[in-house]
There are 2 protein chains.
Amino acid sequence: MSNDVVVSADALVDYCAALFETCGMPRDDATLASLQLVTADLRGVESHGVVRVPIYVERLRCGVVAARPAMQVVRETAGSAVFDGGNAMGQIAGQRAMELAVDKARVHGDPVFVSVRNSNHFGAAAWFAEIAVRADMIGLAFTIGGINHMVPWGGAEAMLGNNPFAVAFPMRDAPPVVLDMACSVAARGKIIVAAKEGRPIPADWAVDTDGQPTTDAVKALEGFVAPVGGPKGYALTLTIGLLSTMLSGAYFGSEVTHMYDDLEHPQNIGHLFGVLPIAAFESLVVYFERMRKAASDIRGVRRAPGVDRIHLPGEREALLAEQRRRDGLPVGHGTWSELVDVGRQLGIAAPRPRP
Amino acid sequence: MSNDVVVSADALVDYCAALFETCGMPRDDATLASLQLVTADLRGVESHGVVRVPIYVERLRCGVVAARPAMQVVRETAGSAVFDGGNAMGQIAGQRAMELAVDKARVHGDPVFVSVRNSNHFGAAAWFAEIAVRADMIGLAFTIGGINHMVPWGGAEAMLGNNPFAVAFPMRDAPPVVLDMACSVAARGKIIVAAKEGRPIPADWAVDTDGQPTTDAVKALEGFVAPVGGPKGYALTLTIGLLSTMLSGAYFGSEVTHMYDDLEHPQNIGHLFGVLPIAAFESLVVYFERMRKAASDIRGVRRAPGVDRIHLPGEREALLAEQRRRDGLPVGHGTWSELVDVGRQLGIAAPRPRP
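**Looking at the nonpolar core**
- Ranked by size, the top nonpolar core spans 258 residues in total, and within it Ala129 of chain A together with Ala129 of chain B carry the most contacts.
- Each residue touching Ala129 of chain B, except ones within four places of it in the same chain, is listed here: Gly139, Leu140, Ala141, Ala166, Val167, Ala168 and Val178 of chain B.

Next up, the structure:
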């Protein structure tokens, strides 16, 4: 971590919010988007944190993402809605859409699903699922990725995103249990690092341009990210992609543009959010007791040699966030330089790193 | 396939139904359960087909599964229900619960989720998701497995099932797109075969009793099935397990008994079924056109060398079922012998295999 800059999370939120505001976003939206990104960094999910600020700023500045979107509900029943994000940042459209799902479920007491179109890359899926948790609901969040990185099984042409989804379960007196995963064996970022260092990669991480497994990181980058579990990961990322787009009219497959390379066309990214209000199925007291016992069963198993503690999904992230809020947030040197540069271009001074 | 017996699927349905009826099941239920199992075999999902008939019959005969269950809805809102399976076969409880979800969605036009408790092993998840498809709804089916085979990540004690789930999307004039997957790298059946043949297994298939990866198939069988993608598969199987049980009060974790070894205690298996009626979100015409285009994009990609055709999830299974309905269903010799034996014990003659 010696190459990392350590900053205060609050100061970083303010800084990134100022950058977004300078791009024309209303202050509240700018702060919300910034908070989501810094929260991902706090949780150790750096791939979906402030590392994305430069591209988000670039897309806002050239107008391919709307700083002041006209968002609207275009279709609605008691338990469903179709939400048009008005080409907002995914962080903003996603927040409104998930809040809509929660509000509707509060009113009717039933499961609600909201599909979203005309949105953009929304960052970490866990954020949205956790919005439901705070209303005593199980939250589900699906999105299609902002780049086609993956091939259909047997294919040699990218037609699928590394699509992520999150499911969050409320706990009483403990962090929620949160699954948040995408469908590749390894993050593409790890392949980039291996290529830079001239190291080989495991044979199951990627396929080359012919769709054949490769341990050559450079060929892997020219090729495609491999799905987790082979055909399982293919079917899973396809399913998440369809859930995220077919109920809203967002882009899928050949319609998907490249978030980094195409600064001309709005991406029309789609999401699907779902909430299952616990109280529809069971008294909260009973549910929380079931979850406590389930968590206790998992935590209490005999451990493999060298393992200190069994974590529930999302727990490691919650603990890390707590520590980083206290001790400061490490930001990689490269990411930090880019962030400072963006501020320099926009006339915003970066926060002073901790010594 | 030279060791396989080839039978008519219809005759096999009748035979297995007769076995179940002899165990006290009403004829309609017996036929339905049998049809579900043979359909799994037709689709090439032999692990969830008639290979399970002997244990199902044994459990019915000793009364640990109810042949004539008292099923009931114990809680209900417009968009949700809690369904008590009355210790029915999972095939029967699952069918009624998914039909309830579809019926409720037809009435209200909204997403519906039905949680199930006091059920049993339900076979292949795809069957249930496809019930929704026939009503122009996206279907979701989750269940907890009937045996704890998997460890929490870092653990060395089984506390999780290899929990499966299915998601099915309606298509017009084509088989539905159906994801149906469990959370292990490889089916446990493959490890059993390797152990019998004295072959090593890939290092990512299983961990030994200390939770360490092993290529020794015998040690693997004493140990645990490895989750797909390591911690991802752990989080996924946990999530599916929680979805299947926390909203109904079905057993989870240390409460889960062993389907094959414990013939005394009802398993109280849980499921969760969900339906998203397309028409709530979009006109069916538009949805089907989106799906057609999406499928066409996937099928049309450049193929890896040696690949003849790109399949959508569930397509291979649908094609295989069509061929097997026509040409006869191959049943492994060992499975066939067991099936014939069960019939002999119950006084039911097995169908004559095709020459």
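**Description of the relation of the copies chain A and chain B**
- Expressed as a screw operation, the relation of chain A to chain B combines 0.0 Å of axial shift with a rotation of 180°, fitting to an RMSD of 0.0 Å. This pairing of chains is accounted for by a two-fold axis.

**Comments concerning the interface of chain A and chain B**
- With 60 residues of chain A at the interface, the matching set in chain B holds 60 residues.
- At the level of elements, strand E2 (72–77), strand E3 (80–84), strand E4 (112–119), strand E8 (165–169), strand E9 (177–181), helix H8 (231–245), helix H9 (278–281) and helix H10 (284–299) of chain A are the ones that each hand at least two residues to the side of chain A that touches chain B.
- Of the residues in the side of chain A that touches chain B, the class split is 36 nonpolar, 14 polar and ten charged.

**Here's the deal with the sheet that holds strand E9 (residues 177–181) of chain B**
- One open sheet holds the seven strands; their spatial order is E2-E3-E4-E12-E5-E8-E9 (chain B), and the pairing between them is mixed. Unpaired on one side and paired on the other, strand E2 (72–77) and E9 of chain B mark the two borders of the sheet. Strand-to-strand twist across the sheet, computed as the mean angle between neighbouring axes with direction ignored, equals 10°.
- Contacting strand E8 (165–169) and E9 of chain B, H8 of chain A runs over the sheet at an angle of about 130° to E9 of chain B.
- Docked against the sheet, helix H8 (residues 231–245) of chain B engages strand E5 (137–143), E8 and strand E12 (269–277) of chain B, running at close to 90° with respect to E12 of chain B.

**Description of the domain arrangement of chain A**
Residue and element names in this part refer to chain A.
- Entries for chain A in the domain assignment read domain 1 (8–62 + 326–346) and domain 2 (72–184 + 227–281).
- Inter-centroid distance (C-alpha atoms) of domain 1 to domain 2 is 22 Å.
- Domain 1 puts 15 residues into the contact, and the matching count from domain 2 is ten residues.
- Of all elements in the fold, only helix H2 (27–42) and helix H3 (53–61) reach the threshold of two or more residues within the side of domain 1 that touches domain 2.
- Here the side of domain 1 that touches domain 2 gets seven residues from one element, more than from any other, and that element is H2.
- Taken together, the residues of the side of domain 1 that touches domain 2 sort by class into eight nonpolar, three polar and four charged.

**Looking at helix H10 (residues 284–299) of chain B**
Residue and element names in this part refer to chain B.
- Along its 16 residues, H10 runs 22 Å from first to last C-alpha, staying within 8% of the 22 Å computed at 1.5 Å per residue.
- Listed in full, the buried residues belonging to H10 are Tyr287, Met291, Ala294, Ala295 and Ile298. When H10 is viewed along its axis, its buried side chains cluster within an angular range of 95° and face the same direction. Away from its buried face by more than 90 degrees, H10 exposes Val285, Glu289 and Ser296.

**Side note on the confidence of the model for chain A**
- Across chain A, pLDDT averages 95, with 99% of residues at or above 70.
- Our summary of model confidence lists the complex with pTM equal to 0.97 and ipTM equal to 0.96.

**Here's the deal with the sheet that holds E3 of chain A**
Residues and elements named next belong to chain A.
- Taking strand neighbours across the sheet as the criterion, the seven strands line up as E2-E3-E4-E12-E5-E8-E9 in an open arrangement whose pairing is mixed. Strand pairing shows two members of the sheet lacking a second neighbour, E2 and E9, which therefore form its edges. Each strand of the sheet is rotated relative to its neighbour by a mean of 10°, with strand direction disregarded.
- Pairing between strand E5 (residues 137–143) and E8: four bridges, direction antiparallel. Along E8, the bridge assignment pairs Phe142 with Phe165.

**Here's the deal with the packing of H3 of chain A against helix H12 (residues 333–346) of chain A**
All names here are of chain A.
- Closest axis-to-axis distance for the H3/H12 pair is 9 Å, and the angle between their directions is 30°. With respect to their mutual orientation, H3 and H12 come out roughly parallel. Listed contacts from H12 to Val53, Pro54 and Val57 of H3 are Glu338, Leu339 and Val342.

**Comments concerning the environment of Gly347 of chain B**
Residue and element names in this part refer to chain B.
- Relative to the helices and strands, Gly347 resides in the segment after helix H12 (333–346).
- On the basis of neighbour counts, which here come to 8 C-beta atoms within 10 Å, the residue Gly347 falls in the exposed class.
- Through-space distance from the C-alpha of Gly347 to that of Thr22 is 8.9 Å; in sequence the pair is 325 residues apart.

**A short note on the environment of Ile240 of chain A**
All names here are of chain A.
- Turning to its location among the elements, Ile240 is positioned in helix H8.
- Sequence spacing of Ile240 and Ala9 is 231 residues, and the spatial spacing of their C-alpha atoms is 32 Å.
- In contact with Ile240, other than residues within four places in its own chain, are Phe142, Asn163, Phe165 and Cys183.

**Here's the deal with unusual backbone geometry**
All names here are of chain A.
- Even without glycine at this site, Asp173 takes up a positive phi of about 60°.
- Summarising the element assignment, Asp173 is placed in the loop between E8 and E9.
- You can call Asp173 exposed: it has 6 C-beta atoms within 10 Å.

Conventions used here
Residues numbered from 1 in each chain as written. Chains lettered and ligands numbered in written order. Predicted model: local features only at pLDDT ≥ 70, side-chain atom pairs only at ≥ 80, totals over all residues. Core = buried A, V, L, I, M, F, W, Y, C linked by C-beta atoms within 7 Å. Buried ≥ 20, exposed ≤ 12 C-beta atoms within 10 Å, placed from the backbone. Contact = placed C-beta atoms within 7 Å. Least-squares fit on C-alpha atoms with pLDDT ≥ 70 in both. Helix = DSSP H or I, 4+ residues; strand = E, 2+ residues; numbered from the N terminus. Nonpolar A, V, L, I, M, F, W, Y, C, P; charged D, E, K, R; others polar. Pairing = 2+ DSSP bridges. Axes fitted to C-alpha atoms, helices over the stretch in contact; angles between N-to-C directions. Domains from an automatic or database assignment. Expected span 1.5 Å × (residues − 1). Arc of directions from axis to C-beta. pLDDT = per-residue confidence, 0-100. Parallel < 35°, antiparallel > 145°, perpendicular 65-115°, else oblique.

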